[in-house]
Every structure is written in C-alpha cells, then in structure tokens.
Amino acid sequence: MNSIQTLKVDLAGDAQDRSYDILIGTGLIDQAGALIAERLPGRRAVILTDSAVGPLYAGRMQASLQAAGIASKVMTIPSGEASKSFDLLQDLLTKALDAGLDRKSFLVALGGGVVGDLGGFLAAILLRGIDYVQVPTTLLSQVDSSVGGKTAINTRHGKNLVGAFHQPRLVLADIDTLASLPKRELLAGYAEVAKYGLIDRPEFWAWLETHGEKVLAQAPVELAEAVRVSCLAKAEVVAQDEREGGVRALLNLGHTFGHAMEAEAGYGGQVLHGEAVSVGMALAFRHSARLGFCTAADVARVEAHLKGVGLPVAPLEVMGQQPPAIAELMARMASDKKAEGGQLTLILAKGIGKSFIAKNADAAEVEHTWAEALGA
C-alpha cells in the first residue's frame, strides 16, 4: 500500500473543533514532521516511547520533526503494562517540564497501547492539557487504543481506573512498524480486530474467517484493510459517543472478563491485553448462550476462528493451571469502570455482529460462567 488513507473522527456538536484525522499508510514516521506541522502550531515537542520501540523509531521520528522545524526531546519508559503507574507518571511530568514545554508544545506517543495510554494522560494533565499525536506501532494500538481519546494508568484496584478523555490531534498508523512485532503481539492485536466484527459487523467477521491468516502473515492489502475497517468502526462509535455514555460501551466486548484476568495476573506480561480480550470475548459468548441470547453454534464459530489463528479462548490457557478463586475474579469485575451502583454491566451478544449492553448482570450467573470455564 503506497497511498495514505484518511479517516476522520468527526466529533459531534461543540466538540467539532477537536475532530481529527487517522492516517493509515506506509512510511508515515518519516513523513510525520510535515504531517504534524500542517495541523499543529507548536515548535517544541516531547516524544514518549518505550525501551522496545525507541531504538527502532525514535531517531527517525526526531529527525522528521527536526526537518519540519520542530525541536524535540525523547523520553523512554520501560516496555510493558507496569509502566502505567503513578510513580512513572510523576517522573515524566517533571522531565517534560524540565524540557521547557509550554501550552503550544505537544507530545508524540510513539509506541503501543501502554505508551499511548500513559502519553495521552500525561498530555491531558500537563499544563492543564497540551496537544498530542498518537503514532501507534502495534496492531492493537493502531486499531483500538490510539483512537478515541481514552487515556489512563493502572492502580492496584484494576486497569485504567485513573485517567481522562483527551482526544489526540492526529493519529499516524504506519503499517511498516508492524513488521517488527513478535507474533504474540500481532495476535494480541488481532483480537481487537476480530472484536469489531463481533460487535456489529458480521460481514467483517466473515471476511476475517477467510482472510485472517493473510492479515496475520502481514499481506499488505489484507493487513491494511483490517486496520482500515477497524479504525473506521472505532471512529464511527467515538463520533456518536465520545465519553462512553451509551453505545461506546460496546467497544468493551470481552473486556470486563478480560480485565479481571489481567488484574489478577499483575500486569507483568503473563497475560497480554489482547489475549485477555480473546478469552473475554469467548466467555461473553458462552455467557450469552447460557442466558439464551445466542446459540451454541455462535459460540463454536467464535471460538473456532480465534483458536484457528492461535488465540486463547479459555482462562486456563492464559492464567496457568492454578487461577485465582472465582470470588477474586468477581471482585475485579465489580470494580470495572462500567459497573454502576455495585451492579455489573456486561457486553453480551445475540449472535455474530449483534452485541448489546446488558446492565444489572446477574452475578450468580456470571459466577456459573467462570466456574464452567475454569472447570471448578
């Protein structure tokens, strides 16, 4: 794919001045300076990256910014979910201020979902809010976390419980960066791609059943199409519901189950976010079938495709043979951001591409689903 595809996150009402473009293409890191300079007035920036991505792309990003007349400083964090912490956030705030940033300066989040979440939150609170640009370098971040303005860090109570809605000014999804991903990371991102088909795009799910292996083999046409459709799906939902007051909650299909597993695993890398989401989506469909919303055939179809490409579909596949007690998993789910008044909210499904928001979920029924999945 040689051309740049442009999608717009068109925020409604008084938020239109914060609408922004998602650019999808190849070689975008080397064009980043010019693309950013067209849209932002600032001539000073910080580049936030991590120890895995920085050596590959930070120098090129800095050179691209310099060519556009933008001075920049690189800040590098350890790779991994554990970096989304209060301690590291405070250290980064100090370093950013030491770099002499002002209100017209901006931040470039160059990396995967951790860098994007942490960098976006840093930009949201630094000087009461500065602009930032998302340059996602993983499949998961390109198709999900870089779009929509949800920024956060983790706490001991759970994932992404402290954060802010702060929309980026631009998203640059450079397909070339995916070539450096380990297979496990690519698969984790594919779980989020598959999610869009299960939410409300049954034709996309069918396309993935046919073309998913080519996407994971990084065939250029199929990979670009998977990123395009995923970003389009995310952009359309965000445009309708920027702050997750309604339909945006559908994007959390599989996440309430998944976040519980991630939190119990401790964010040390044992369970990747996409792996947890894959298991969570399988559990959401199993739970939906138990309640009579979808059929066993729907569950089998979901699990067959996820397993077929190499993703896990059962908790024991990601948490080991001695998972935490069901009560602990339920407590994690109860602290989920979508819970209201102590009641669980789940995203369930009436079939492939027919997901819906289920408020006041019966905790006893959820415990049964965990027990079946864990063989308890």
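Residues numbered from 1 in each chain as written. Predicted model: local features only at pLDDT ≥ 70, side-chain atom pairs only at ≥ 80, totals over all residues. Heavy atoms only, no water.

Looking only at helices and strands, one finds 14 helices and 11 strands in the protein. Overall, the C-alpha framework of the protein stretches about 60 × 40 × 40 Å when taken along its three principal axes. Among the 376 residues that make up the protein, the fraction classed as buried is 58%. Taking the intrachain contacts of the protein between residues at least 6 apart in sequence as the baseline, contacts between residues at least 24 apart amount to 75%. Per element, the accessible surface of the protein, about 14500 Å² overall, is 50% carbon and sulfur. In the protein, 35 positive and 42 negative side-chain charges are present, and the distance between their average locations comes to 4 Å. (Helix = DSSP H or I, 4+ residues; strand = E, 2+ residues; numbered from the N terminus. Buried < 20%, exposed > 50% of the residue type's maximum accessible area, 1.4 Å probe, protein only. Contact = heavy atoms within 4.5 Å. Areas by Shrake-Rupley, 256 points an atom, 1.4 Å probe, with all protein chains shown as cover. Lys, Arg positive; Asp, Glu negative; His and termini not counted. Charge placed at Lys NZ, Arg CZ, Asp CG, Glu CD.)

On to the nonpolar core, then. Formed by 78 residues in total, the largest nonpolar core has its most connected members in Ile22, Leu139, Tyr190, Met333 and Trp370. Ignoring anything within four residues of it in the chain, the contact list for tyrosine 190 reads Leu139, Leu208, Gly212, Val215, Leu216, His305, Val309 and Leu311. Leu89, Ala109, Tyr132 and Ile153 belong to the second largest nonpolar core, which has 23 residues in total. (Core = buried A, V, L, I, M, F, W, Y, C linked by side-chain atoms within 4.5 Å.)

One pass over the full model with this rule turns up 24 salt bridges. Between lysine 84 and aspartate 117 there is a salt bridge whose closest N-O contact spans 2.7 Å. Here the residue lysine 84 occupies a position in the loop between strand E4 (71-77) and helix H3 (86-98), and aspartate 117 occupies one in helix H4 (residues 113-125), the gap between them amounting to 33 residues. The same class applies to lysine 84 as to aspartate 117, namely buried. Measuring nitrogen to oxygen at the nearest pair gives 3.0 Å for the salt bridge that ties arginine 290 to glutamate 365. Taken together, the residues arginine 290 in helix H10 (residues 273-290) and glutamate 365 in helix H14 (residues 363-374) connect sequence positions 75 residues apart. The partly exposed category is assigned to glutamate 365, whose relative accessible area is 26%. (Salt bridge = Lys/Arg side-chain N within 4 Å of Asp/Glu carboxyl O.)

On to the packing of aromatic side chains, then. Taken as a whole and judged by the stated rule, the model has three aromatic pairs. With a centroid separation of 5.9 Å and 15° between ring planes, the pair formed by phenylalanine 204 and tryptophan 207 is classed as stacked. Within this pair, phenylalanine 204 and its partner tryptophan 207 are both found in helix H7 (residues 202-216), separated by three residues, close to a single helical turn. With 5.0 Å between their ring centres and 75° between their planes, phenylalanine 293 and phenylalanine 356 make a pair best called edge-to-face. Residue phenylalanine 293 is found in the loop between H10 and helix H11 (296-309), and its partner phenylalanine 356 is found in strand E11 (residues 355-361); the two are separated by 63 residues along the sequence. The exposure class of phenylalanine 356 is buried, given its relative accessible area of 18%. The aromatic ring of tyrosine 196 is capped on one face by lysine 195, whose charged end is 4.9 Å from the ring centroid. (Phe/Tyr/Trp six-rings, centres within 6.5 Å; stacked < 30°, edge-to-face > 60°. Lys NZ or Arg CZ within 6 Å of the ring centre and 35° of its normal.)

Another point: the environment of alanine 71. Within the secondary structure, alanine 71 sits in strand E4. Each C-alpha atom, one on alanine 71 and one on alanine 45, is 6.2 Å from the other, the two residues being 26 residues apart in sequence. In this structure alanine 71 touches Arg43, Arg44 and Ala45, once residues within four positions along its chain are discounted.

By the element assignment, alanine 37 lies in helix H1 (residues 28-37). C-alpha separation for the pair alanine 37 and valine 135, spaced 98 residues apart in sequence, amounts to 15 Å.

Moving on: the sheet that holds strand E2 (residues 20-25). By definition, the strands of a sheet pair up through backbone hydrogen bonds, in either a parallel or an antiparallel sense. Within the open sheet, the seven strands sit side by side as E1-E2-E9-E6-E5-E3-E4. Their pairing is mixed. The sheet is open, and its two edges are formed by strand E1 (5-9) and E4, each paired on a single side. When strand polarity is set aside, the average angle formed by the axes of neighbouring strands in this sheet is 20°. In this structure, E2 lies alongside strand E9 (residues 170-174), joined through five bridges in parallel fashion. In the sheet register, leucine 23 faces E9, and the bridge partner there is leucine 172. In the packing of helix H2 (residues 54-67) onto the sheet, the strands contacted are strand E3 (44-50), E4, strand E5 (106-111) and strand E6 (131-136), and the crossing angle to E3 comes to about 170°. (Pairing = 2+ DSSP bridges. Axes fitted to C-alpha atoms, helices over the stretch in contact; angles between N-to-C directions.)

Attention shifts here to the packing of helix H9 (residues 255-265) against H10. Where H9 meets H10, the closest approach of the two axes is 7 Å, and the angle between their N-to-C directions is 135°. Comparing their axes, H10 and H9 come out oblique. Crossing handedness for the pair H9 and H10: right-handed. For the pair formed by H9 and H10, the contact residues are His255, Phe257, Gly258, His259, Met261 and Glu262 on the first element and His273, Ala276, Val277, Val279, Gly280, Leu283, Ala284 and His287 on the second. (Parallel < 35°, antiparallel > 145°, perpendicular 65-115°, else oblique. Left-handed = near helix turned anticlockwise from the far one by under 90°.)

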